[in-house]
Every structure is written in structure tokens, then in C-alpha cells.
Amino acid sequence: MKSVIGLGTNIGDRLLNLKEALNALALLPGTRVLRTSSVYETEPYGFSEQPNFLNMVAEIETTLSPHALLGGCLGIEAGMGRIREFKNGPRIIDLDLLLFEDYSEASSELTVPHPEIYNRSFVLVPLFELYDTGEAFGFQFQSAYQNHPKQDIKKYAAE
Ligand code: ADP
Ligand code: MG
């Protein structure tokens, strides 16, 4: 099955954190990374007194179930030293399961499609880069993409 993972980081060597997380995703059982978006720099969402984020999305192919994939993502976050201090606070790495082919669920453990896709330019913009029709596995986000303000997100150019 194909799935789309959203990655975010705003602590330490942010580009390296993204790279490490992508490598770790590719090491999950039965999983490979098919395509990645550009890296974007974005203003923090929610709690603003913190460094800017780098965000991107990755399309993966996996034989894992949605819950096993989520478990893998949370394991990667923990392995990279993520500590959950408060909601929307700074993080070394955040891995969100955005889409999982035609699977949907709405529980507190796993809500997929991710409920915030429509509200976050740092998801909509890289997602549109990979799916430029504004549709992925039947999930439509074209009008959300077109209507969402994009002044707070820029392509990140590594020095
Ligand atoms: P956020 O990503 O909203 O800043 P966290 O990463 O701290 O917050 O939240 C992680 C929790 O959210 C996990 O324990 C997980 O079970 C739950 N969760 C529910 N749906 C998803 C999803 N689609 N992707 C990632 N985590 C999810
Ligand atoms: Mg998360």
C-alpha cells in the first residue's frame, strides 16, 4: 500500500533530522520511500516563540498495516530522542501519517486522513508538489490548497 508521511523538525540540525527520519522509514519492515517533496521552511504553528520548522512529505510503499506504520513512526520519533513537552511545542522530529491509500479511521490513536491536512500550508504545499492534480487516492485537497494562504511557507535552500 502507498502512504504519505508528513515530516517536521525545529530543533538541532533540521536537515539532518529529516534525512535520518527518511532513512529510518526506509528501514521499517516491508517499506520503501518512493518520492519526497522539497523541503520547506515554515513559521511555527500554535506556539510561536520557537524556531522555524522544516517540513516535507514523503510517499512510501509499505506492507505494514496502518497501525503498524503509525507504531513505526512513533518508534522513530522516540529513537531520535523526541520528548513531548507540550502540544505544538518544539520537536526534533514529528512524523504524521497523513494518508494511507483508501484506508480511513477516526480514533484518538489514529485518525487518517490526518484531520489537519486542510488547515496547514506546510502539508498542503508539499502534498501538491507530489500530487499536482490536488487528489491523492481519492482524497481531494485542490480547493483547500488553492484557498489556503501561503505567505508563511518558503522553499528551503540549504546553505
Ligand atoms: P501533533 O503531531 O499533533 O503535533 P503528536 O505528534 O504529539 O502531535 O501526537 C501524536 C499522537 O497522535 C500519537 O500518539 C498518535 O497516536 C496520535 N495520532 C492520531 N492520528 C495520527 C496520525 N494520523 N499520525 C500521527 N499520529 C496520530
Ligand atoms: Mg505528530
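Above this text you will find the structure in question.
Source: prediction; values computed, not measured.

Student: What am I meant to see in the environment of Ala-26 here?
Tutor: When you line up the elements, Ala-26 lands in helix 1 (residues 14-26). Considering only alpha carbons, one finds Ala-26 and Glu-61, 35 residues apart in sequence, at a separation of 9.3 Å. Once you skip the residues sitting within four places of it in the chain, Ala-26 turns out to touch Thr-31, Arg-32 and Val-33.

Student: Could you clarify how one ought to interpret the site of ligand 1 in this entry?
Tutor: Near ligand 1 the following residues occur: Leu-70, Arg-84, Asn-88, Asp-94, Asp-96, Leu-97, Glu-109, Leu-110, Thr-111, Val-112 and His-114. If you tally residues by element for the shell around ligand 1, the top one is strand 5 (residues 94-100), at three residues.

Student: When you look at unusual backbone geometry in this model, what are you seeing that I'm missing?
Tutor: Note: most residues except glycine have negative phi, and most peptide bonds are trans. Residue Pro-113 is bonded to the preceding Val-112 through a cis peptide linkage, with omega at -5°. By secondary structure assignment, the location of Pro-113 is in the loop between strand 7 (111-112) and helix 3 (121-130). One non-glycine residue with positive phi stands out, namely Asn-88, at about 65°. Tracing the chain through its elements places Asn-88 in the loop between helix 2 (66-79) and strand 5. The backbone phi angle of Glu-101 is positive, close to 30°, even though this residue is not glycine. With respect to the secondary-structure elements, Glu-101 resides in the loop between strand 5 and strand 6 (105-106).

Student: Any chance you could explain the environment of Ser-108 here in plain terms?
Tutor: Mapped onto the elements of the fold, Ser-108 is located in the loop between strand 6 and strand 7. The exposure class assigned to Ser-108 is exposed, which follows from the 5 C-beta atoms found within 10 Å. Put simply, Ser-108 and Asp-94 are 14 residues apart on the chain and 17 Å apart in space, counted from C-alpha to C-alpha.

Student: I tried to follow the pairing of strand 1 (residues 2-9) on my own but got confused; where do I start?
Tutor: Along any regular strand, the residues point their side chains to alternate faces of the sheet. In terms of burial, strand 1 is a largely internal element, seven of the eight residues being buried. Pairing of strand 1 with strand 4 (residues 53-62) involves eight bridges; the strand directions are antiparallel. What sits directly across from Val-4, in strand 4, is Glu-59. The sheet contact formed by strand 1 and strand 5 spans six bridges and is antiparallel. Bridge assignment links Gly-6 to a residue of strand 5, and that residue is Asp-96.

Student: How should helix 1 be read in this particular structure?
Tutor: Three or four residues apart is the spacing at which side chains of an α-helix point the same way, because the helix has 3.6 residues per turn. The end-to-end C-alpha distance of helix 1, which contains 13 residues, comes to 19 Å, matching closely the 18 Å that a straight helix rising 1.5 Å per residue would cover. Within helix 1 the residues assigned to the buried category are Arg-14, Asn-17, Leu-18, Ala-21 and Leu-25. All buried residues of helix 1 lie within an arc of 100° about the axis, which places them on one face of the element. Facing away from the buried side of helix 1 by more than 90 degrees, the exposed set consists of Leu-16, Lys-19, Asn-23 and Ala-26. On its buried side, helix 1 packs onto strand 1, strand 2 (31-36), strand 4, helix 2 and strand 5.

Student: Help me understand the environment of Leu-25 in this model?
Tutor: With respect to the helices, strands and loops of the structure, Leu-25 is situated in helix 1. Of the residues examined, Leu-25 has 22 C-beta atoms within 10 Å and is grouped as buried. In the structure, Leu-25 is positioned 20 residues away from Ile-5 in sequence and 9.4 Å away in space, judged by C-alpha atoms. With residues up to four places along the chain from it excluded, the contact list for Leu-25 reads Ile-5, Thr-31, Val-33, Ala-58, Ile-60 and Ile-76.

Student: What is the right way to look at the nonpolar core in this model?
Tutor: The tendency in soluble globular proteins is for nonpolar side chains to be buried side by side. Formed by 36 residues in total, the largest nonpolar core has its most connected members in Ile-5, Leu-7, Val-57, Leu-97, Leu-98, Leu-124 and Leu-127. Broken down by secondary-structure element, the contributors of at least two residues to this core are strand 1, helix 1, strand 4, helix 2, strand 5 and helix 3. The contact partners of Leu-7, leaving out residues within four places of it in the chain, are Leu-18, Ala-21, Asn-55, Met-56, Ala-58, Ile-93 and Leu-95.

About the criteria used
- Residues numbered from 1 in each chain as written.
- Chains lettered and ligands numbered in written order.
- Predicted model: local features only at pLDDT ≥ 70, side-chain atom pairs only at ≥ 80, totals over all residues.
- Helix = DSSP H or I, 4+ residues; strand = E, 2+ residues; numbered from the N terminus.
- Contact = placed C-beta atoms within 7 Å.
- Near = placed C-beta within 6 Å.
- Buried ≥ 20, exposed ≤ 12 C-beta atoms within 10 Å, placed from the backbone.
- Pairing = 2+ DSSP bridges.
- Expected span 1.5 Å × (residues − 1).
- Arc of directions from axis to C-beta.
- Core = buried A, V, L, I, M, F, W, Y, C linked by C-beta atoms within 7 Å.

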